[in-house]
Amino acid sequence: MNLTTVIFYVLSAILVFAGLRVVTAKNPVHAALYLVLAFFTSAGHWLLMESEFLAITLVLVYVGAVMVLFLFVVMMLDINIEKLREGFWKNLPVAATVGAIMVFEMALILVSPQASLSQYKAAAPLAADFSNVKMLGSQLYTTYLLPFEIAAVVLLLAMIAAIGLTMRTRKDSKVIDPAVQVKVRREDRVRIVKMDAVKKVEEAEQADSGEQQA
């Protein structure tokens, strides 16, 4: 067993532990941080496969953008944790069964003779000027062009649907139009009215002093 295999098993163990803690952590902030750990260990697997571009993309996009936004949302909202965990123990047997089946399948793949590293020839060393980005782009725009375009169309439709759901107005809720707020003038909202005093100041002071003496 060489050093690469040891690193692979160590990263895999950390990834499995982080995945379990994402599901079982009571605090959603802690669950999000364990998910960040899972992303970092997955990036380590990409590095072992000499796919540096995918590893950096995973860290920058998911850890640097998606998870930071998720943490901000979780910390800003008042989430009732007890209510979210009401159906946890009821669904635990089914989830544990599915997880055990997946672990058993992965174990069978790892211990099978076909998965042994000795069955494969050592890969040729990559050239010094080899580019992962160039190879990935070549595969995306040649071999996998149609699936790539289908995925792009699906993401475009999802973005349009999200914008449509956000922009729609409901009759039972109050909607604020920023364009209307910007056009508001002071004269439209505030009116200064001058009124004469009901009593003169001197008479009011004499009345007050008379009440105090009484």
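Numbering of residues starts from 1 in every chain and runs along the sequence as written. Confidence filtering applies because this is a predicted model: local features only for residues at pLDDT of at least 70, side-chain atom pairs given and counted only at 80 or more, and all residues used for totals across whole chains, interfaces and linings. Side-chain measures were taken over the full set of non-hydrogen atoms in the model, leaving aside hydrogen atoms and water.

1. Here's the deal with the overall build of the protein chain
Item 1. Counting its secondary structure elements, the protein chain contains 10 helices and zero strands.
Item 2. Helix and strand assignments follow DSSP, with helices taken as H or I runs no shorter than four residues and strands as E runs no shorter than two, numbered in order from the N terminus. In sequence order, the protein chain lays out its α and β elements as α-α-α-α-α-α-α-α-α-α.
Item 3. Burial classes: relative accessible area under 20% of the type maximum marks a residue as buried, over 50% as exposed, and values in between as partly exposed (1.4 Å probe, protein chains only). In the protein chain, which comprises 214 residues, the proportion classed as buried is 11%.
Item 4. Contacts are assigned to residue pairs that have any heavy atoms within 4.5 Å of one another. Counting only contacts in the protein chain whose residues sit at least 6 apart along the sequence, the fraction spanning at least 24 positions is 59%.
Item 5. Surface accessibility in these figures is a Shrake-Rupley result with a 1.4 Å probe; residues are shielded only by whichever protein chains are displayed. Carbon and sulfur atoms make up 67% of the accessible area of the protein chain, which amounts to about 18600 Å² in all.

2. Details of the nonpolar core
Item 1. Among the buried residues, those of types Ala, Val, Leu, Ile, Met, Phe, Trp, Tyr and Cys that are joined through side-chain atoms within 4.5 Å form a nonpolar core. In this structure, V29, A32, V36, F39, A43, A55, L58, V63, M67, L71 and V74 together form the largest nonpolar core, which totals 11 residues.
Item 2. Elements with a minimum of two residues in this core: α2 (28-48) and α3 (52-76).
Item 3. Sorting elements by how many residues they give to this core places α3 first, with six residues.
Item 4. Every residue in contact with V36, bar those within four places of it in the chain, is listed here: V63 and M67.

3. Quick look at the side chain of S51
Item 1. Counting through the fold element by element, S51 comes out in the loop between α2 and α3.
Item 2. Since its relative accessible area comes to 18%, S51 is described here as buried.

4. Examining the packing of α3 against helix α6 (residues 132-143)
Item 1. Two numbers describe how α3 lies on α6: the axes approach to 8 Å, and their chain directions differ by 90 degrees. In terms of their interaxial angle, α3 and α6 are classed as roughly perpendicular. Facing α3, whose interface residues are E52, F53 and L54, α6 presents N132, V133 and L136.
Item 2. When the residues that make up the contact of α3 with α6 are grouped by side-chain class, the tally is four nonpolar, one polar and one charged. Angles here are taken between N-to-C directions and fall from 0 to 180 degrees, while the axes themselves are lines fitted to C-alpha atoms, restricted in helices to the stretch in contact. If an angle is under 35 degrees, it is roughly parallel; if it is over 145, roughly antiparallel; if it lies from 65 to 115, roughly perpendicular; otherwise it is oblique. Three classes are used, and their members are as follows: Ala, Val, Leu, Ile, Met, Phe, Trp, Tyr, Cys and Pro are nonpolar, Asp, Glu, Lys and Arg are charged, and the others, Gly among them, are polar.

5. What to know about the side chain of T41
Item 1. Tracing the sequence through the fold places T41 in helix α2.
Item 2. Excluding anything up to four places from it in sequence, T41 contacts L11, I14 and L15.

6. Comments concerning helix α1 (residues 3-24)
Item 1. The length a helix should cover is 1.5 Å for every residue beyond the first. End to end, α1 covers 32 Å across 22 residues, agreeing with the expected 32 Å (1.5 Å per residue, within 8%).
Item 2. Close packing links the buried residues of α1 with α2.

7. Brief notes about the UniProt feature "transmembrane region" (unreviewed entry) in the protein chain
Item 1. Here, UniProt's "transmembrane region" (unreviewed entry) annotation points to residues 6-24, 31-48, 54-79, 91-111 and 144-165.
Item 2. Between the end C-alpha atoms of residues 31-48 the distance is 26 Å, and the span holds 100% helix and 0% strand.
Item 3. With 95% helix and 0% strand, residues 144-165 has end C-alpha atoms that lie 32 Å from one another. UniProt positions are given in the numbering used here, feature names are shortened, and annotations may be inferred rather than shown by experiment.

8. Digging into the packing of α2 against α3
Geometry of a packed helix pair, given as the angle between the helix axes and the separation of the axes.
Item 1. Interhelical geometry of α2 versus α3 gives an angle of 175 degrees and a closest axis separation of 9 Å. Taken together, the axes of α2 and α3 are roughly antiparallel relative to one another. Across the interface between the two elements, P28, V29, A32, L33, L35, V36, F39, F40, S42, A43, W46 and L47 from α2 touch E52, L54, A55, L58, V59, Y62, V63, M67, F70, L71, V74 and M75 from α3.

9. A closer look at the packing of aromatic side chains
Item 1. Centre distance within 6.5 Å is the pairing criterion for rings of Phe, Tyr and Trp, where only the six-membered ring of Trp is used; planes under 30 degrees apart are then read as stacked, over 60 as edge-to-face, and the remainder as tilted. Across all of its chains, the model carries four aromatic pairs by this definition.
Item 2. Centre to centre, the rings of F17 and Y34 are 6.0 Å apart; their planes meet at 85 degrees, and the pair counts as edge-to-face. Of this pair, F17 sits in helix α1 while Y34 sits in helix α2, and the two are 17 residues apart along the sequence.
Item 3. Ring plane angle 45 degrees and centroid distance 5.2 Å describe the contact between F39 and Y62, whose orientation is recorded as tilted. Taken together, the residues span a long stretch of sequence, with F39 in helix α2 and Y62 in helix α3 at a distance of 23 residues.
Item 4. On the accessibility criterion, F39 (17% relative accessible area) is buried.

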